[in-house]
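Single-letter residue listing:
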Amino acid sequence: MSYGRADIAIGVVDVGSPRGGKLGWAVLAPNADPVLGKDLDAFIDAMTTLGANWPLAIGFEAPLFIPTPRAALRIQRGRGGEGPRRWSAGAGAAVTTAALAVVTYTLAGLRRGLNEAAASTDIGALPTRPGDTLFFEAFVTAAAKGADHADDALIAAREMRALLTGDRPYRSAIDEPEVFSLLGASLLRTGWSSDLAVLSAPCLVVRPGFDHYG
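Residues numbered from 1 in each chain as written. Predicted model: local features only at pLDDT ≥ 70, side-chain atom pairs only at ≥ 80, totals over all residues. Heavy atoms only, no water.

Novice: Would you mind going over the pairing of strand β7 (residues 133–138) with me for this structure?
Specialist: A regular strand places its side chains on the two faces of the sheet in alternate fashion. Summarising burial for β7: six of the six residues are buried, a large majority. Residues Thr133, Phe135 and Glu137 line one face of β7 and the alternating positions Leu134, Phe136 and Ala138 line the opposite face, and both faces are buried. Strand direction decides the pairing type here: strand β4 (residues 56–61) and β7, joined by six bridges, are parallel. The residue of β7 that forms the bridge with Glu61 is Ala138. Bridge count between strand β6 (residues 119–120) and β7: two bridges; the pairing is parallel. Of the residues in β7, the one forming a bridge with Ser120 is Leu134. Across two bridges, the pairing between β7 and strand β9 (residues 205–206) is parallel. For Glu137, the partnering residue across the bridge sits in β9 and is Val205. (Buried < 20%, exposed > 50% of the residue type's maximum accessible area, 1.4 Å probe, protein only. Helix = DSSP H or I, 4+ residues; strand = E, 2+ residues; numbered from the N terminus. Pairing = 2+ DSSP bridges.)

This is the structure in structure tokens:
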């Protein structure tokens with residue numbers, strides 16, 4: 001069976017503390033109404049079930065890679081396109097740290113149910129087989145934010161669906177060619193990849209309100 005862009009099931013986690021109620025998620029499956037929740041295990045179960053029949057795109061609303069500058073004074077600078085909400089300051093630093101735990105936990109759970117699936121962070125290599133997954137970063141901020149964490153995840157998932165089902169090439173909201181990928185480290189740690197190149201590969205950043213076609 002052939003799968004196209006419209007056949008990709010999309011899930012997004014707005015990273016935060018599961019215990020503190022500061023995490024939310026949304027799932028957009030083909031030909032189905034959105035599903036929202038707060039229980040991270042329920043998200044893993046939902047995406048694993050969808051992966052039996054559909055290719056997947058899974059995003060996390062948190063910085064998933066950081067710059068690796070060659071000058072010491074540029075360490076901890078913001079990523080290109082990040083603006084004042086930089087990864088290394090205030091809330092950005094807190095959610096970057098939280099993502100190390102949340103992303104790794106989520107990928108480990110998904111891997112147990114999708115142990116033959118392939119992972120990608122390359123927007124030029126969209127998944128075409130059930131279970132194969134494109135991982136991406138979501139960046140929902142300022143006027144784009146919704147009512148709560150699950151709503152933010154839904155906003156990002158809808159933006160990703162618009163990009164996938166459109167007929168124009170699109171670009172990432174963050175332009176940073178030299179990086180250390182926290183997502184890549186989690187992919188290696190959880191068995192989704194054995195290719196060390198994922199440690200230096202940026203992923204797509206989906207930002208509602210950004211001109212991804214510019």
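Novice: I keep staring at unusual backbone geometry and nothing clicks. Help me out?
Specialist: For residues that are not glycine, phi is negative in most cases, and the peptide bond is trans in most cases. The backbone of Asn31 shows a phi angle near 60°, a positive value even though the residue is not glycine. Structurally, Asn31 is set in the loop between β2 (24–28) and β3 (35–37). In this structure, Gln76 takes a positive phi of about 75° despite not being glycine. In this fold, Gln76 is placed in the loop between β5 (65–67) and α2 (91–113).

Novice: Just checking my understanding: could you explain the environment of Leu100 for this structure?
Specialist: Within the element layout of this structure, Leu100 appears in helix α2. The exposure class of Leu100 is partly exposed, given its relative accessible area of 43%. Residues Leu100 and Ala185 lie 85 residues apart in sequence; the distance between their C-alpha atoms is 9.0 Å. Apart from the residues within four sequence positions on either side, Leu100 is in contact with Leu182 and Ser186. (Contact = heavy atoms within 4.5 Å.)

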